[in-house]
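Next come the chains, spelled out residue by residue.
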Amino acid sequence: MASRYHEGYEAWRKDPAGFWMKAAENIAWTKAPTRALDADAGVYGRWFPDGECNTCFNALDRHVEAGRGEQAAIIHDSPVTGTKRRVTYAELLREVKALAASLTDLGVEKGDRVIIYMPMIPETIVAMLACARLGAIHSVVFGGFAARELATRIDDATPKLILSASCGIEPARQVEYKPLLDKAIELAAHKPRATIVLQRPELECTMVEGRDHDWAALRDKAFAEIVVGRDVPCVPVKATDPLYILYTSGTTGKPKGVVRDNGGHMVALHWSMDAIFGTEAGEVFWAASDVGWVVGHSYIVYAPLLKGCTTVLYEGKPIGTPDAGAFWRVVAEHGVKVLFTAPTAIRGIRKEDPDGALAGQYDLSRFEALFLAGERADPETLIWAEETLDRPVIDHWWQTESGWPIAANPKGLGLLPIKRGSPGVAMPGYEIHVLDETGKETAPAEMGAIAVKLPLPPGALPTLWNAEDRFRDGYLTAFPGYYSTSDGGFIDEEGYLYVMGRTDDVINVAGHRLSTGEMEEAVAAHPAVAECAVIGMRDVMKGELPCGFVVLKTANGQDRAEIERELIAIVRDRIGPVAAFKRVVIVDKLPKTRSGKVLRRTMKAIVDHDPFDTPATIEDASAIDDVRRAVG
Ligand code: COA
Ligand code: AMP
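All of the points below concern the structure found in this document. (Residues numbered from 1 in each chain as written. Chains lettered and ligands numbered in written order. Predicted model: local features only at pLDDT ≥ 70, side-chain atom pairs only at ≥ 80, totals over all residues. Heavy atoms only, no water.)

1. Quick look at the pairing of strand S6 (residues 113–117)
Inclusion rule: Buried means the residue's accessible area, taken with a 1.4 Å probe over protein chains only, is under 20% of the maximum for its type, while exposed means over 50%, and partly exposed covers the values in between. Only DSSP runs of H or I with at least four residues qualify as helices, and only runs of E with at least two residues qualify as strands; both kinds are numbered from the N terminus onward. The criterion for strand pairing is that DSSP finds at least two bridges linking the strands in question. Look down the strands so they point away from you; if going from the first strand over the helix to the second traces a clockwise path, that crossover is right-handed.
For S6, a buried count of 5 out of 5 residues is recorded, marking the element as mostly surrounded by other parts of the structure. Going residue by residue along S6, you find Arg113, Ile115 and Tyr117 tucked away on one face and Val114 and Ile116 tucked away on the opposite face as well. Sheet analysis places S6 next to strand S7 (residues 137–140), joined by 4 bridges and oriented parallel. Residue pairing across strands places Val114 opposite His138, the latter belonging to S7. Read as a crossover between parallel neighbours, the route from S6 over helix H5 (residues 122–134) to S7 is right-handed. Inspection of the sheet shows S6 paired to strand S8 (residues 161–165) by 4 bridges, in the parallel sense. Across the sheet, the residue bridging to Ile116 is Leu163, located in S8.

Structure below.
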């Protein structure tokens, strides 16, 4: 008998427009769409072309009007500050209205960009929703990125205003956001007209007169005005208008601004919340990621709030805040039904608590499933989690570009048998193909490039910000008619997908997507460096860690250890601590093909201590011995 998943997938396949129009009925539109896809609009089509809506209305006002006002919208659990805070839907709406009023006073209007550089606190969600309320386009920048990265995004998004906070808190140190923000504005060619900065009690910062505004002062003023009747309405936008830009790593040093629209995004995320994650309104959902990543955008903020769930916003780590039982403590304390995290977090917990004893100390009776994504879930980690939790552990696969799962095992539609090592099957909306170099479909179980037949579904990126050509070149030209995911893998006889890794130079460090090309640009900026290549080496905890192979200029007389330290510092300073660039290997020459292509795969095999064959095309085989010696 066909499962509900198979029925759902077939229903979508037979009538994609009908499928998504039905899903669109769950959204409150200011003008309901009359058709699903305009195949002639945009690069590959646009969803709900004549619909009008407001995402903030659907995430907040709607629930308050429906009587959900006293339900917690956010539970902020912050072991790093020793605080917990419950924010109801009604309170969140009040905060969002106040900030939207302040943004309006500072000149922010529909279509303007606003950058948000903030830690994991409720005000970050307030900031995103206040932008959405006004039809302004937010761009959240992850706190672990350095000033220069922030500056690149400022120049690309050209924001009218930036929202920030005085500090973020990492277990071992306070991250001073304000000096980073000041430096980024100094480095950027585009200058925002104002900033709003939240002073956190843990570390207050100095403000720049005339440019920086104190969040609390603006909030008090706006509250006072709202009390005496100031209205801060939701601004209707086209379904196809951008809701946000989220920058992600590509192969070059310039990050790509993934654009998300309003209408299709709401339809897809709302649908995914129960169909894939099996979570209904009123239930507690926790994505243990960071708001700065796509997982945070989709499953800390938008999907749970659109659905009327309670979302947990966790400002801490899986280990060390204070111990490896932290996740289970949060699950038990807040009645989390579904937890979503990256495998690296589970590997970290397992390392500290190999027998899973800490999980046994908490009441996990309301906990139903663990979802994993962001990097390949290795079977050992999966087995450990299954045995420790005695719950389904569900791998699923997607990207910043897609915005929601491309392949999963849908809990809400009914779980299919779990195959370890596979993130499941194609979700409705996605027709997944594995193609060889010529664009021909591979046989079942045969490796190839994973591609998705166009059009992409609602919620997936329609384009890149200010870079439509880059969107076409980077994603749509390799296989005409398909979106190329840059992941390689295969599909088995039963339709289960296996994702084996990136086919480009993007690496995955602790579930964070990073560009080796960008690191190479940073390393090459050192005056002693003649040539370099950064590759991802295997790491038991973080999946991959960057390793830089460096050839020095011949005349250079500087101490090697000193150069290594400087290179590590340069990458940290330019890209940020999140790059976790801590290993430099100095070699005499890089192994290359006769046409000059660096043999990255061979270098990776050497540093991972994997067997390899010396490629026949190698220019100088002695380079291999050199790398071997240097790696040790
Ligand atoms: N602001 C500033 N710095 C940050 C930061 C932030 N928001 N987030 C991380 N960093 C810093 C960390 O302090 C660390 O700096 P350090 O070199 O001074 O120690 C560096 O960036 C790397 O951080 P992280 O990747 O979190 O690794 P970690 O070593 O601190 O922690 C684990 C290890 C196991 C906790 C980690 O693997 C983990 O759980 N990561 C989160 C996974 C995740 O959420 N992925 C998102 C996709 S779902
Ligand atoms: P990001 O855009 O940061 O979400 O990173 C997306 C990339 O992470 C994908 O292209 C994959 O390479 C990798 N990834 C995400 N989820 C999985 C998964 N479940 N299995 C294997 N790789 C994954």
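2. Some details on the site of ligand 1
Inclusion rule: Put simply, a residue is near a molecule or strand once any heavy atom of it comes within 4 Å of that molecule or strand. Pairing of N or O atoms within 3.5 Å defines a polar contact, subject to two protein rules: one partner must be a possible hydrogen donor and the other a possible acceptor, and residues neighboring in sequence count only if both atoms are side-chain atoms. Areas reported as accessible are Shrake-Rupley estimates using a 1.4 Å probe. Residue values count occlusion only from the protein chains shown.
Taken together, 25 residues lie around ligand 1, and Glu170, Arg173, Lys317, Lys542 and Arg572 are the ones closest in. Within the backbone of Gly143, a nitrogen or oxygen atom sits 3.3 Å from a nitrogen atom of ligand 1. Thr344 is positioned such that a nitrogen or oxygen atom in its side chain is 3.0 Å from an oxygen atom of ligand 1. Contact with the protein chains removes 84% of the 930 Å² of surface that ligand 1 exposes when unbound. At the level of elements, strand S10 (173–176) and helix H12 (343–352) are the ones that each hand at least two residues to the shell around ligand 1.

3. Quick look at the pattern of salt bridges
Going by this rule: By definition, a salt bridge exists where a carboxyl oxygen of Asp or Glu is found within 4 Å of a side-chain nitrogen of Lys or Arg.
In this structure the tally under the stated criterion is 43 salt bridges. For Glu123, the salt bridge is made with Arg85, and the minimal N-O distance between the two is 3.3 Å. Highlighted residues: Glu123 in helix H5 and Arg85 in strand S5 (residues 83–88), separated in sequence by 38 residues. The buried category is assigned to Glu123, whose relative accessible area is 16%. For Glu368, the salt bridge identified is with Lys411, shortest N-O distance 2.7 Å. Note that Glu368 is positioned in the loop between H12 and strand S19 (369–372) and Lys411 in the loop between strand S21 (407–408) and strand S22 (425–426), a separation of 43 residues in sequence. When salt bridges with common partners are traced through the structure, they connect Asp77, Lys84, Arg329 and Glu333 into a single cluster.

4. Looking at the sheet that holds strand S25 (residues 482–491)
This is how the line gets drawn: Every axis in this analysis is a line fitted to C-alpha atoms, fitted for helices over the stretch in contact. Angles between the N-to-C directions lie between 0 and 180 degrees.
Read across the open sheet, the 4 strands follow the order S23-S24-S25-S26; overall the sheet is antiparallel. Each of the sheet's edge strands pairs with one partner strand only, and the pair in question is strand S23 (432–435) and strand S26 (497–502). Each neighbouring strand pair of the sheet contributes to a mean axis angle of 50°, computed without reference to strand direction. Note that S23 and strand S24 (residues 448–453) share 4 bridges and pair antiparallel. Considered in S24, the bridge of Leu435 is made with Ala449.

5. Considering helix H2 (residues 16–24)
For clarity, the cut-off: For this quantity, the arc is that covered by the directions from the helix axis to the C-beta atoms. In what follows, residue pairs with any heavy atoms lying within 4.5 Å of each other are defined as contacts.
For H2, the complete set of buried residues consists of Phe19, Trp20, Ala23 and Ala24. Within H2, the buried residues cover an arc of 135° as seen down the axis, which keeps them to one side. Each element contacted by the buried residues of H2 is listed here: helix H1 (4–14), strand S2 (46–47) and helix H9 (263–275).

6. What about the site of ligand 2?
What counts, and what does not: Side-chain classes are defined by residue name, with Ala, Val, Leu, Ile, Met, Phe, Trp, Tyr, Cys and Pro counting as nonpolar, Asp, Glu, Lys and Arg as charged, and the others, Gly among them, as polar.
Contacts to ligand 2 come from 15 residues, most closely from Asp395, His396, Thr400, Asp487 and Arg513. One of the side-chain N or O atoms of Thr400 is found 2.5 Å from an oxygen atom in ligand 2. The separation between an oxygen atom of ligand 2 and a polar side-chain atom of Arg502 is 2.8 Å. Burial of ligand 2 by the protein amounts to 93% of the accessible area it has alone, namely 490 Å². Of the residues assigned to the shell around ligand 2, the class counts are 4 nonpolar, 5 polar and 6 charged.

7. Remarks on the state of the cysteines
Stated precisely, the cut-off is as follows: In this description, the term disulfide denotes a pair of cysteine sulfurs within 2.5 Å.
Evaluation of the coordinates by the stated rule reveals 0 disulfides. The closest cysteine sulfur to the non-disulfide-bonded Cys131 is located on Cys56, 10 Å from its own sulfur. Residue classification places Cys131 among the buried residues on the basis of a relative accessible area of 0%.

8. A closer look at the sheet that holds strand S20 (residues 393–395)
Read across the sheet, 7 strands follow the order S5-S4-S17-S16-S18-S19-S20 without closing on themselves; strand pairing throughout is mixed. The sheet is open, and its two borders are formed by S5 and S20, each paired with just one other strand. Taken over all neighbouring pairs, the strand axes of this sheet differ in orientation by 20° on average, direction set aside. Inspection of the sheet shows strand S16 (residues 284–287) paired to strand S17 (residues 310–314) by 3 bridges, in the parallel sense. Residue pairing across strands places Phe285 opposite Thr311, the latter belonging to S17. Along the sheet, helix H4 (residues 89–105) contacts strand S4 (72–78) and S5; its crossing angle with S5, the most-contacted strand, is approximately 85°.

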